[in-house]
Amino acid sequence: MALQVSTAGFSLFHQRRVQRIRAVASEEFASLKTQEDKVKLGGSDLKVTKLGIGAWSWGDTSYWNNFEWDDRKLKAANSAFNASIDCGITLFDTAEVYGSRLSFGAINSETLLGRFIKERKAKVPELEVAVATKFAALPWRLGRGSVVAALKDSLCRLGLSSVDLYQLHWPGIWGNEGYIDGLGDAVEQGLVKSVGVSNYNEKRLRDAYKQLKIRGIPLASNQVNYSLIYRAPEENGVKAACDELGITLIAYSPIAQGVLTGKYTPQNPPSGPRGRIYTPDFLTKLQPVLNRIMEIGQSYGRTPTQVVLNWLIAQENVIPIPGAKTAEQAKDFAGALGWRLTNEEIVELRSLASEVKPVIGFPVENL
Ligand SMILES: NC(=O)c1ccc[n+]([C@@H]2O[C@H](COP(=O)([O-])OP(=O)(O)OC[C@H]3O[C@@H](n4cnc5c(N)ncnc54)[C@H](OP(=O)(O)O)[C@@H]3O)[C@@H](O)[C@H]2O)c1
């Protein structure tokens, strides 16, 4: 009972505090645009913002959005896109399978992103947006030709002639060498500026890097699950291999699907599929970590979301891509940039978080 009262109090206090911090943060956006430099994506020539926006939830009805998509959610996603651009964040991550037509009522995320870009460019033609999308290594897709064919379909949905980053979404059960050759073909055909992989373990990462290197093509990135409470890349050699080979680690689910924002509590767990992963029991164990994140955030005038994203960026060679459903969420992310936690705080947060057993990850990481 005592725990319930204290976590409910935390939640109320947290909401008020976050609203105030967000208001302060929004006044900083204009200056952030000029302060923040872009970084090179791995060994490629592409330069992107230090933080990107994930577009998985846009149009999705299989995991997000309580299994339904409507006009209100569409408007919110569109405003998330516009708010990101206003804050100077211009990297967007999508995939051919996000908003899959196999899921009832879904709209493809690439189609939505392409529409948002087109509308914004109609007003600001010189706007530069970096689009990252992904190839789904489905078992019936064999050979290098399937990569370029799928990419052309993605470009069609996006309404673009090329994308900035094309990634293999997960390793295939077979056909992986062919997929890597396909990435190289996409570069040589001028359909992509850079190529990457996702959910690749250390061995697969090193093999893919070598195979592309023979053709003089850098493997620019590996997109993996990485957050303060899911630190597998630090433990399984993936982060170290990325650093050694000059491959950027793109961190997905960087705010643990909303859990690290502090808005979910044992009394108010997330609904839908997330509720089965982030259970009241897990959220109870997480409270000490969240309390400390909150305290540190207060000392900087930052939200918990900004603290945990800053923690990831401070690991260096990491670009987090949090998902934004609304303009407010996108604006919150921008406040993760332009400052830095101290080394002591970084170590302290990792140490506190290591006392909480991580939830299960996406099984494709182990393919
Ligand atoms: N390569 C892969 O296999 C893979 C796998 C997963 C994700 N990804 C990519 O990574 C991106 C991000 O990962 P993710 O979407 O799984 O998780 P995430 O970024 O950790 O969490 C996103 C969710 O957190 C909540 N949220 C966002 N900002 C917030 C804020 N400021 N305050 C409070 N709540 C906030 C929103 O959901 P609610 O408002 O509903 O709480 C949002 O949908 C995806 O969009 C996708 O592009 C890739």
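Residues numbered from 1 in each chain as written. Predicted model: local features only at pLDDT ≥ 70, side-chain atom pairs only at ≥ 80, totals over all residues.

1. As for the overall build of the chain
Then comes step 1: Tallying secondary structure elements over the chain gives 13 helices and ten strands in all.
Then comes step 2: For 367 residues, the compact-globule estimate of 2.2 N^0.38 gives 21 Å, and the chain sits close to it at 20 Å.
Then comes step 3: For the chain, the spread of C-alpha atoms along the principal axes amounts to about 60 × 45 × 40 Å.
Then comes step 4: A burial count over the chain gives 46% of its 367 residues as buried.
Then comes step 5: Sequence separation of at least 24 residues holds for 79% of the intrachain contacts in the chain that already meet a minimum separation of 6. (Helix = DSSP H or I, 4+ residues; strand = E, 2+ residues; numbered from the N terminus. Rg over C-alpha atoms; globule rule 2.2 N^0.38 Å. Buried ≥ 20, exposed ≤ 12 C-beta atoms within 10 Å, placed from the backbone. Contact = placed C-beta atoms within 7 Å.)

2. Side note on the nonpolar core
Then comes step 1: Residues Tyr 166, Leu 183, Ala 251 and Val 308 are the most contacted members of the largest nonpolar core, which totals 100 residues.
Then comes step 2: Residues within four places of Ala 251 in sequence aside, it is in contact with Tyr 226, Ser 227, Leu 312, Val 318, Ile 319, Pro 320 and Ile 321. (Core = buried A, V, L, I, M, F, W, Y, C linked by C-beta atoms within 7 Å.)

3. A short note on the UniProt feature "domain: NADP-dependent oxidoreductase" (unreviewed entry) in the chain
Then comes step 1: The sites that UniProt annotates as "domain: NADP-dependent oxidoreductase" (unreviewed entry) are residues 50–352.
Then comes step 2: Overall, residues 50–352 shows 45% helix and 13% strand. The separation of its end C-alpha atoms is 26 Å. (UniProt positions renumbered as here; feature names shortened; annotations may be inferred.)

4. Things to note about the site of the ligand
Then comes step 1: Neighbouring the ligand are 27 residues, the closest being Gly 54, Trp 56, Tyr 252, Gly 258 and Gly 323.
Then comes step 2: In terms of residue class, the shell around the ligand is built from ten nonpolar, 13 polar and four charged. (Near = placed C-beta within 6 Å. Nonpolar A, V, L, I, M, F, W, Y, C, P; charged D, E, K, R; others polar.)

5. What about the pairing of strand S7 (residues 192–198)?
Then comes step 1: Within S7, six of the seven residues are buried, which leaves the element mostly enclosed by the surrounding structure.
Then comes step 2: Sheet topology note: the strand S6 (residues 163–168)/S7 ladder contains five bridges and is parallel. Along S7, the bridge assignment pairs Leu 168 with Val 197.
Then comes step 3: Taken together, S6, helix H5 (residues 176–188) and S7 form a β-α-β motif whose crossover is right-handed.
Then comes step 4: Across four bridges, S7 lies against strand S8 (residues 219–225) in parallel orientation. When the bridges of S8 are listed, Ser 198 appears paired with Gln 223.
Then comes step 5: Read from S7 through helix H6 (residues 202–214) to S8, the crossover connection turns out right-handed. (Pairing = 2+ DSSP bridges. Right-handed = clockwise from strand over helix to strand, strands pointing away.)

6. A word on the sheet that holds strand S9 (residues 248–252)
Then comes step 1: Spatially, S3-S4-S5-S6-S7-S8-S9-S10 is the arrangement adopted by the eight strands of the open sheet, whose pairing is parallel. Lying at the two open borders of the sheet, with one neighbouring strand each, are strand S3 (53–54) and strand S10 (318–320).
Then comes step 2: Where H5 meets the sheet, its contacts fall on S6 and S7, and the angle it forms with S7 comes to roughly 160 degrees. (Axes fitted to C-alpha atoms, helices over the stretch in contact; angles between N-to-C directions.)

7. A word on the environment of Gly 114
Then comes step 1: Structurally, Gly 114 can be placed in helix H3 (residues 109–123).
Then comes step 2: For Gly 114, a count of 20 C-beta atoms within 10 Å gives the class buried.
Then comes step 3: On a C-alpha basis, the gap between Gly 114 and Val 131 in space is 9.2 Å, while along the polypeptide they are 17 residues apart.
Then comes step 4: Once residues lying within four places of it in the same chain are set aside, the contact partners of Gly 114 are Arg 157, Leu 158, Gly 159 and Leu 160.

8. A few points about the pairing of S6
Then comes step 1: The buried fraction of S6 is high, at six of six residues.
Then comes step 2: As defined by bridge partners, strand S5 (residues 130–135) adjoins S6 across four bridges and the pair is classed as parallel. Residue pairing for S6: Phe 135 is matched across the bridge by Leu 168.
Then comes step 3: With respect to chirality, the unit in which S5 leads through helix H4 (residues 145–158) into the neighbouring parallel S6 is right-handed.

9. Section: the packing of helix H2 (residues 71–86) against helix H12 (residues 327–334)
Then comes step 1: At a minimum axis distance of 7 Å, the contact between H2 and H12 shows a crossing angle of 25 degrees. With respect to H12, the axis of H2 lies roughly parallel. You can see that H2 and H12 cross each other, and the crossing is right-handed. Touching Ser 79, Ala 80, Asn 82, Ala 83 and Ser 84 of H2 are Ala 327, Gln 329, Ala 330 and Lys 331, all from H12.
Then comes step 2: For the contact of H2 with H12, the class distribution of residues is four nonpolar, four polar and one charged. (Parallel < 35°, antiparallel > 145°, perpendicular 65-115°, else oblique. Left-handed = near helix turned anticlockwise from the far one by under 90°.)

10. Side note on the packing of H3 against H4
Then comes step 1: Running from N to C, H3 and H4 point in directions that differ by 45 degrees, and their axes come no closer than 7 Å. For the element pair H3 / H4, the angle class is oblique. Contact residues: H3 offers Glu 110, Thr 111, Leu 113 and Gly 114, while H4 offers Ser 154, Arg 157 and Leu 158.
Then comes step 2: Across the contact of H3 with H4, the residue classes break down as two nonpolar, three polar and two charged.

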